[in-house]
Amino acid sequence: MKKIKETVRELPAYLHSFIKWLFFAALVGTLGGVVGSVFHICIDYVTELRTEITWILYLLPVGGLAIAGLYALCRAFGPIDTNRVLEAVQSEEKVPFLMAPLIFISTVITHLVGGSAGREGAALQLGGSIGYRVGKVARLNAGDMHLIVMAGMSAVFAALFGTPLTAAVFAIEVVLVGIWHYAALVPCIAAALVGYGIAQWFGLSPVHFDSVVFPALSVGIALKTTALALLCALVGMLFCASIHTAEHLGEKYLPNKWIRVLVGALLVLALTLLVNVRDYNGAGMDIITRAIGGEAVPVAFLLKILFTAITIAAGFKGGEIVPAFFIGSTFGCAVAPLLGLDPGFAAAVGFVALFCSVVNCPVASLFLSLEVFGAEGVLLFAIACAVSYMMSGRSGLYKSQRIIYSKTEETRLDMGSEATDFTK
């Protein structure tokens, strides 16, 4: 009876919180959905434009200098990147209002001129900026500010990729490895669903593949999937190490941002002319589709790592998750014959497993498999996510992401230690 009375007494507070978060999630989801949809349309437009007008690729140096100029104008606001958004969830870090237009414009420029980058970096920054601004206007407290930033991230991610469950869980899971902000479930799921709905209203298609033929679950298939996931974890570690090493070397040997972006642009342009294909410019969703269809160049994943590392280190904007999809799917497709797996199925596993290894989000990765490939292979994807998460160690894309609990034992790690810094 005592517990019943306490529950009844607390019910108004829970109801107030529920209604409050539905309101803010609807607001942030609508804003994030509109912005994310317009951004999606712009990216598709400039990608098509670059494909039709081939000489635009030669504007890579001009585009790089334009991006450097935009960020130089806003240098007084400090670092403006995805790590800033993650820090806003972890602490009282502010998210500048200029982050949204900056990342929007600079990512569109990157895709227009052929930089090898994705779009999730823009999704997280756009969403985080929108959520933070709404929270400041509403004068939310520090704890609620963290939640509304995550809700904004969920909304734009869902609008861009058409994967609302993945978007909601990813925003919750990506900040601190091993800790879930369960209070963010309602705002993140609601905002993601609203953002997804807005994108559907705009007529945007979600990322989905229905051509994969999944093998029957057996001990042999499970072992082969485990082996592929382990290999994907190693490739994911290589990808993260390449990004961080390229950034470190660029800052060390080319400290001038203008020269660094110019040299990087020229390198990407030279590599494109050397390989004599445009497969590694832009996000490469067409190459991902081809790999899941069972076709991939054996060295495509290595070339994408090289192109993306140079692009990001030079100062172009976009993100690394779509390149991770590219790398994982082409790698899976390429090694499938060695493991005795169907190339399309192996590409799908690689798509999910490599994403998991670089973002350290196994639950979000499992939801990704469900939303992108359906539920038929969910047990095999679960194996792949578990293995790639554990075996990727302390590797990760985001400098501000921290491992709180060990991946191999029930041990809490020191958040301030060097062991939790993915750039080390």
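Residues numbered from 1 in each chain as written. Predicted model: local features only at pLDDT ≥ 70, side-chain atom pairs only at ≥ 80, totals over all residues. Heavy atoms only, no water.

Moving on, we come to the packing of aromatic side chains. With the rule as written, the count across this model stands at 20 aromatic pairs. Between Phe-351 and Phe-373, the ring centres sit 5.4 Å apart and the planes meet at 90 degrees, which makes this aromatic pair edge-to-face. With Phe-351 in helix α14 (residues 343-359) and Phe-373 in helix α15 (residues 362-373), the pair connects residues that are 22 residues apart, well separated along the chain. With respect to class, Phe-351 is no different from Phe-373; both count as buried. A connected cluster of aromatic rings, assembled from ring pairs, spans Phe-157, Phe-161, Phe-170, Phe-209, Phe-214, Phe-325, Phe-345, Phe-351, Phe-355, Phe-373 and Phe-381. The ring centre of Phe-161 lies 5.0 Å from the NZ or CZ of Arg-119, which sits over that ring. (Phe/Tyr/Trp six-rings, centres within 6.5 Å; stacked < 30°, edge-to-face > 60°. Helix = DSSP H or I, 4+ residues; strand = E, 2+ residues; numbered from the N terminus. Buried < 20%, exposed > 50% of the residue type's maximum accessible area, 1.4 Å probe, protein only. Lys NZ or Arg CZ within 6 Å of the ring centre and 35° of its normal.)

On to a nonpolar patch on the surface. Together, Leu-65, Trp-258, Ile-259, Leu-262, Val-263, Leu-266 and Leu-267 make up an exposed nonpolar region whose accessible area comes to about 570 Å². Mapped onto the elements, Leu-262 comes out in helix α10 (residues 257-275). Judged by its relative accessible area of 33%, Leu-262 falls in the partly exposed class. (Patch = residues over 30% accessible without salt bridge, like charges linked within 9 Å, V, L, I, M, F, W, Y side chains within 5 Å. Areas by Shrake-Rupley, 256 points an atom, 1.4 Å probe, with all protein chains shown as cover. Salt bridge = Lys/Arg side-chain N within 4 Å of Asp/Glu carboxyl O.)

Per-residue confidence for the protein gives a mean pLDDT of 90; residues scoring 70 or more make up 94%. Between the elements of the protein, mean pLDDT differs from a low of 70, seen in helix α3 (residues 82-90), to a high of 97, seen in α14. Residue range residues 415-424 is modelled with pLDDT below 50. Its contacts to residues more than four positions away, or to other chains, number 25 contacts. (pLDDT = per-residue confidence, 0-100. Contact = heavy atoms within 4.5 Å.)

What follows covers the pattern of salt bridges. On inspection of all chains with the given rule, the structure shows one salt bridge. The shortest N-O distance in the salt bridge between Lys-20 and Asp-144 comes to 2.8 Å. Taken as a pair, Lys-20 in helix α1 (residues 2-52) and Asp-144 in helix α6 (residues 142-161) lie far apart in primary sequence, 124 residues in all. Residue classification places Lys-20 among the partly exposed residues on the basis of a relative accessible area of 22%. Assessed through its relative accessible area of 12%, Asp-144 is described here as buried.

Turning next to the layout of surface pockets. Any space left empty among the atoms is revealed by the rolling of a water-sized probe across them. Size it by volume and the second largest pocket reaches roughly 480 Å³. Thr-47, Arg-50, Gly-284, Met-285 and Asp-286 are the residues nearest the centre of the second largest pocket, which is lined by 20 residues in total. Those elements that provide at least two residues to the lining of the second largest pocket are α1 and α11 (285-292). Examining the composition of the lining of the second largest pocket, we find that six residues originate from one element, α1, more than from any other. Its residues assigned to classes, the lining of the second largest pocket comprises five nonpolar, nine polar and six charged. (1 Å grid on protein atoms, 1.4 Å probe; cavity = no way out; pocket = protein on both sides within 12 Å on 5 of 7 lines; lining within 4 Å. Points joined across faces, edges and corners; volume = space filled by probe spheres on them. Nonpolar A, V, L, I, M, F, W, Y, C, P; charged D, E, K, R; others polar.)

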